2 protein chains.
Amino acid sequence: MAVDPDHVLRAAAALLTRKSTATMDEVAKAAGISRATLHRHFAGRDALVRALESLGIAECEAALDAARLDDGTASEAVRRLVGAMEPAAGLLGFLYTENQLFEGEAQNPGWTLIDERISALFRRGQLGGEFRIDLTPAWLTEALYGLMASGAWMVQSGKGAPRDFQHMIVELLLGGALRREES
Amino acid sequence: MAVDPDHVLRAAAALLTRKSTATMDEVAKAAGISRATLHRHFAGRDALVRALESLGIAECEAALDAARLDDGTASEAVRRLVGAMEPAAGLLGFLYTENQLFEGEAQNPGWTLIDERISALFRRGQLGGEFRIDLTPAWLTEALYGLMASGAWMVQSGKGAPRDFQHMIVELLLGGALRREES
DNA sequence: CCACCATGAGACATTGATGTCTCATATGGA
DNA sequence: TCCATATGAGACATCAATGTCTCATGGTGG
């Protein structure tokens, strides 16, 4: 009888990931509940998006924890991170574009934390001589987001296989497109 | 007296790039004309977006032509392409996200042409032994879009300098984050 | 079995954007 | 100068989404 708010959020995320302009009615249908009930749990579209943002932040942090960014080489950590974030990639893409609208409003500080943890990973790789130093950690972080969004889009549109997601992103992000002799 | 439709389009592109949900009223104000006049030139929001899409396609094709993708090494061609597309990167980012809404409707065939030209460039690099072959041209193309969108976002939000745009994208796309002995 | 409570369905007003219309004005050309 | 045309300003109806409300229902716990 009782609606599971988490299930509703996941359904909303799945729908809004594909169609970011879906109405509350469509979200409710996607979650298998009525619009009235949806509105009882989330006071409005803003509240829903904020809840999705919190969910996205939580999943990112869980992925960051699971990836153990301080263990092993930075490259291995990046690979683990991409793999751990794959399930949340679609949601991340939605929030990534959606947050550009919140111009005036303050950005959720959770993102800053996440940015800093990922930037720290790239910085660790640079200090350890593993990563090149002419690309800033901030850019590498942003590029990781962009590549994950592109990867999620490719998988979602059927242009790429889900099993290639991690490989595509990590290989391009770390190795680049150029063919190397040594490898 | 006569309104320059191209000027209106550029103003609309500049605004919608920053705020993709801007109303027709805001677009009109940004272009310095009244909403009535805006509506006289573009029969509605759909028509406006379609016109922007045509503009984006035209600018992309112009950039592709200017970059002379068949000349020199593929790497050099990629570098020229990114530089040539930089002015249109913001508009591209807008259309890239906006077009995800056109689910049912057919995608403008112009994009397919552009995709194919860029894919062909990456394929040329692979056949010439310049690019690695474990990353598909389709993925490299998509990644290029994603990185350009991220780069445009960084520049636009003030987190990155415009003069670094081309370098950031090309170096990451081609060389990757890993430090190389040979270079 | 009964009371309770969450839900579903739908009506309703509100809001914001849109598209259309009219009219006054100003600009440019004949 | 005079006319044609494009524009600006604003009124107006329409539409879609939203938020709120009521009421009936069905499942659950006591």
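Now for a description of the structure that goes with this document.

### Considerations on the protein's contact with DNA strand C
Residues in close proximity to DNA strand C total 19 residues, the closest being V3(A), T37(A), M24(B), R35(B) and H39(B). Each atom of DNA strand C within 4 Å of the protein was assigned to sugar, phosphate or base; sugar and phosphate come to 54%. Interatomic distance of 2.6 Å between a side-chain N/O atom of T37(A) and a phosphate oxygen of DNA strand C. The contact in question runs from a phosphate oxygen of DNA strand C to an N or O atom on the side chain of R45(B), over 3.3 Å. Among the secondary structure elements, those contributing two or more residues to the surface near DNA strand C are helix 3 (35-41) of chain A together with helix 3 (35-41) of chain B. The greatest single-element share of the surface near DNA strand C, amounting to five residues, is contributed by helix 3 of chain A. In the surface near DNA strand C, the residues fall into seven nonpolar, seven polar and five charged.

### A few points about the packing of helix 1 (residues 5-18) of chain A against helix 2 (residues 24-31) of chain A
Residue and element names in this part refer to chain A. The contact between helix 1 and helix 2 brings their axes to 8 Å, and the two run at 120 degrees. Taken as axis vectors, helix 1 and helix 2 run oblique relative to one another. Here helix 1 runs over helix 2; the crossing is right-handed. Along the contact surface, helix 1 presents H7, V8, A11, A12, L15 and L16, while helix 2 presents E26, V27, A30 and A31. Across the contact of helix 1 with helix 2, the residue classes tally to eight nonpolar, one polar and one charged.

### Observations concerning the relation of the copies chain A and chain B
At an RMSD of 0.1 Å, chain A and chain B line up after a rotation of 180 degrees and a shift of 0.1 Å along the axis. In short, the pair behaves as if placed about a two-fold rotation axis. For chain A, the smallest separation between a C-alpha atom and the rotation axis is recorded for G176(A), amounting to 1.8 Å. A shared binding surface is used by both copies, with 98% of the interface residues of chain A retained as interface residues in chain B.

Conventions used here
- Per-chain numbering applies: the sequence of each chain, read as written, is numbered from 1 onward.
- Think of it this way: whatever chain is written first is A, whatever ligand is written first is 1, and the rest follow in order.
- This being a predicted model, a pLDDT of at least 70 is required before a residue's local features are given, and a value of 80 or more before pairs of side-chain atoms are given or counted; all residues contribute to the totals for chains, interfaces and linings.
- Note: side-chain values were computed over all heavy atoms of the structure, leaving out hydrogens and water.
- Throughout, near means a residue has at least one heavy atom within 4 Å of the molecule or strand.
- Side-chain atoms alone can form a polar contact between residues adjacent in sequence; in general such a contact is a pair of N or O atoms within 3.5 Å, and within protein one must be able to donate a hydrogen while the other accepts it.
- Secondary structure counts use DSSP, requiring at least four H or I residues in a row for a helix and at least two E residues in a row for a strand, with both numbered from the N terminus.
- Each residue gets one of three labels, nonpolar for Ala, Val, Leu, Ile, Met, Phe, Trp, Tyr, Cys and Pro, charged for Asp, Glu, Lys and Arg, and polar for the others, Gly among them.
- With axes taken as lines fitted to C-alpha atoms, and helix axes fitted only over the stretch in contact, angles between N-to-C directions fall between 0 and 180 degrees.
- Here the word oblique covers every angle except those under 35 degrees (roughly parallel), over 145 (roughly antiparallel) and from 65 to 115 (roughly perpendicular).
- For any pair of crossing helices, the crossing counts as left-handed if the nearer helix is rotated counterclockwise from the farther one by less than a right angle, and right-handed if it is rotated clockwise.
- Here, residues are in contact when the closest pair of their heavy atoms is within 4.5 Å.
- Fitting of the copies onto one another was done by least squares over C-alpha atoms, counting residues only where both copies have pLDDT of at least 70.

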